[in-house]
Amino acid sequence: MTPPKVCALLCAPLKVINVGLETFAADLAANGAQVQDVQWVPPARGDAALARLLLRLGA
Amino acid sequence: MGDLAAAVDKANEEACRRLMAGDPVLVDVVPAGDVIPRLREERIILHAGPPLGWDHMCGPMRGAVTGIAVFEGWASDLADAERRAAAGDFAFEPNHHHGAVGPMTGMTTVSQPLLVVENRTFGNRAYCAINEGLGKVLRFGGNDAEVLARLAWLRDVLGPAIGRALRTMGGIPLKPIVARGLTMGDEMHQRNVACSGLLLRQLAPALARTQTDPSTLADVLAFIGRNDQFFLNVAMAMGKALSDPARDVAMSSIVTAMCRNGTDFGIRVAGTGDQWFTAPVEMPQGLYFPGFSEADANPDMGDSAIVETIGLGGFAMAAAPAVVGFVGAGRASDAALYTRSMGEITWALNPDWTIPALDHAGVPTGIDVRRVVATGIAPTINTGIAHRMPGVGQVGAGIVKAPLACFELALSALAARIGVS
């Protein structure tokens, strides 16, 4: 038997907030899910040295 | 928050205070050589964007250089001008090094008439050439006889006429005009129809009082009246006058200039003074006039991104939904998204310039290189598109993104100057 909390997630229509790759949202939408894509990229485009500077200088 | 971050924040507060506290007034039109001493030396040509030599100039920039050299009498014809440019007969320097800005190719030479905007809060002045109108024009690389004849009329008739009128008026305050323009659908880069009309409404009586020849007066009024972008060059001089007082605020990460020369995009940052941070300029995305396509387009050009630097243009898109369609940037309802997005990378909202469609929120002002690098959101710039070949002119309009690499370089340089590694 599916636990109640899991059922609440999976037995009802999915409502998804996607953070990251836009294609994840597109796939979900293509399968009928209600999905909101959040435009997000890693800080400093993933550059570790710049990210360290941002930590020191704030952003 | 660490001490360093707090110190940068405090410096940014000061830089933005200076950006927004200015009182820009259009006070005069004068020959460039009267106010930029360097131009009184031999064969100096100021151009848009960061520093650039002849060898790296794009087609329209070369077209404008050869045209202006003939106009100034430094060459017998365009071919002679090209030979002389390649031989090093002309010295090229950025407008920004001399308190000036120029649209697209941004040619500024000794005899051209310059609009003078005085920032009465800080006492500095900035300059920009007069808008030539649409069609084949020097700023888009046009250089034929019609283009040069128009430049001569601007020098001999229009410039002196506007200068006389402004001097009798004591100048025209610009902040109120921009404030009204934002409520009338202008964003001051690709749409200036309201502000051009508002300016002419103030200028026309003084022009009539100071111009003795009715036929010349009619020509002057008609030239300004039929040019929807006449105010753009005024807004650019205003942007330079407003941003220059923030040019040297230690530790600040606020951008004080953005510009492009058709080859490179360049920015300056308050905490690093007059150092340029450059990267290859991007191609605008937009709509093309009939008969032209992306294959004809030149990479982006001009000092006009100084209006985005002070929160207008692409940053104020929510005020000008008509522009979104004109530049092919989506639906009218997308206009607010551009402005909100720019709010993610700016420090303040300017209370003097508000947008009705955003419940009168101020325009997002003070681009913070930290936020650009952190979010990966590049400043959006509304722009005209020039043909890539010399002498053709404008072929479309669109938007372009500032290259993120400029901001990454600036962040590293600011950190080094502060002593952070």
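Please read these numbers as outputs of a predicted model, since none were measured by experiment.

**Quick look at the overall build of chain A**
Line of reasoning, step 1. For chain A, the count of helices and strands is three helices and two strands.
Line of reasoning, step 2. When the helices and strands of chain A are placed in sequence order, the string is α-β-α-β-α.
Line of reasoning, step 3. Its C-alpha atoms give chain A a radius of gyration of 17 Å, more than 25% over the compact-globule value 10 Å for 59 residues.
Line of reasoning, step 4. Seen along its three principal axes, the alpha-carbon backbone of chain A occupies a region of about 50 × 25 × 15 Å.
Line of reasoning, step 5. The buried share of chain A, taken over its 59 residues, is 8%.

**Comments concerning the interface of chain B and chain A**
Line of reasoning, step 1. At the junction of the two partners, chain B supplies 17 residues and chain A supplies eleven residues.
Line of reasoning, step 2. For the side of chain B that touches chain A, the secondary structure elements donating two or more residues are helix 1 (3-21), helix 13 (369-375) and helix 14 (404-418) of chain B.
Line of reasoning, step 3. In terms of residue class, the side of chain B that touches chain A is made up of ten nonpolar, three polar and four charged.

**Some words on the environment of B:His387**
Residue and element names in this part refer to chain B.
Line of reasoning, step 1. Tracing the backbone shows histidine 387 in the loop between strand 15 (380-386) and strand 16 (394-401).
Line of reasoning, step 2. With 22 C-beta atoms packed within 10 Å, histidine 387 lands in the buried category.
Line of reasoning, step 3. Counting along the chain gives 20 residues from histidine 387 to isoleucine 367, while the straight-line C-alpha distance between them is 30 Å.
Line of reasoning, step 4. Setting aside chain neighbours within four positions, we find histidine 387 in contact with Pro60, Gly141, Asp296, Asn298, Val392, Gly393 and Val395.

**What to know about the domain arrangement of chain B**
Bring the parts together and some accessible area is lost; that lost area is often taken as the interface size.
Residue and element names in this part refer to chain B.
Line of reasoning, step 1. One can read the domain layout of chain B as domain 1 (23-238) and domain 2 (246-418).
Line of reasoning, step 2. Each of domain 1 and domain 2 was reduced to a C-alpha centroid, and the two centroids are 21 Å apart.
Line of reasoning, step 3. Each side of the interface is counted separately: domain 1 has 45 residues, and domain 2 has 46 residues.
Line of reasoning, step 4. Residue composition of the side of domain 1 that touches domain 2, by class: 20 nonpolar, 18 polar and seven charged.

**Section: the sheet that holds strand 4 (residues 100-101) of chain B**
All names here are of chain B.
Line of reasoning, step 1. Strand order in the open sheet made by the five strands is 4-6-5-1-7, with mixed pairing throughout. For this open sheet the edge positions go to strand 4 and strand 7 (172-173), each flanked by a neighbour on one side alone.
Line of reasoning, step 2. This element, helix 5 (residues 145-169), spans strand 1 (24-31), strand 5 (113-119) and strand 7 of the sheet and lies at about 140 degrees to strand 1.
Line of reasoning, step 3. Across the face of the sheet, helix 9 (residues 230-243) comes into contact with strand 1, strand 4, strand 5 and strand 6 (124-129) while running at roughly 150 degrees to strand 6.

**Side note on the sheet that holds strand 10 (residues 277-280) of chain B**
Strand pairs in the sheet, formed through backbone hydrogen bonds, run parallel or antiparallel to each other.
Line of reasoning, step 1. Here four strands make up an open sheet; going across it, the order is 10-9-8-12 (chain B) and the pairing antiparallel. Looking at the sheet topology across the chains shown, the edges are occupied by strand 10 and strand 12 (301-302) of chain B.

**Examining the packing of helix 3 (residues 59-71) of chain B against helix 5 of chain B**
Residues and elements named next belong to chain B.
Line of reasoning, step 1. Running from N to C, helix 3 and helix 5 cross one another at 55 degrees; their axes reach a closest spacing of 10 Å. In terms of axis orientation, helix 3 runs oblique to helix 5. Here helix 3 and helix 5 pass one another in a crossing that is right-handed. Between helix 3 and helix 5, the residues in contact are Gly67, Val70 and Phe71 and Val147, Leu148 and Leu151, respectively.

**Details of the confidence of the model for chain A**
Line of reasoning, step 1. For chain A, per-residue confidence averages 87 on the pLDDT scale, and 97% of positions sit at 70 or higher.
Line of reasoning, step 2. Confidence, read as mean pLDDT per element, is least for helix 1 (residues 4-10) of chain A in chain A (76) and greatest for helix 3 (residues 48-57) of chain A (96).

About the cut-offs
- Residues numbered from 1 in each chain as written.
- Chains lettered and ligands numbered in written order.
- Predicted model: local features only at pLDDT ≥ 70, side-chain atom pairs only at ≥ 80, totals over all residues.
- Helix = DSSP H or I, 4+ residues; strand = E, 2+ residues; numbered from the N terminus.
- Rg over C-alpha atoms; globule rule 2.2 N^0.38 Å.
- Buried ≥ 20, exposed ≤ 12 C-beta atoms within 10 Å, placed from the backbone.
- Contact = placed C-beta atoms within 7 Å.
- Nonpolar A, V, L, I, M, F, W, Y, C, P; charged D, E, K, R; others polar.
- Domains from an automatic or database assignment.
- Pairing = 2+ DSSP bridges.
- Axes fitted to C-alpha atoms, helices over the stretch in contact; angles between N-to-C directions.
- Parallel < 35°, antiparallel > 145°, perpendicular 65-115°, else oblique.
- Left-handed = near helix turned anticlockwise from the far one by under 90°.
- pLDDT = per-residue confidence, 0-100.

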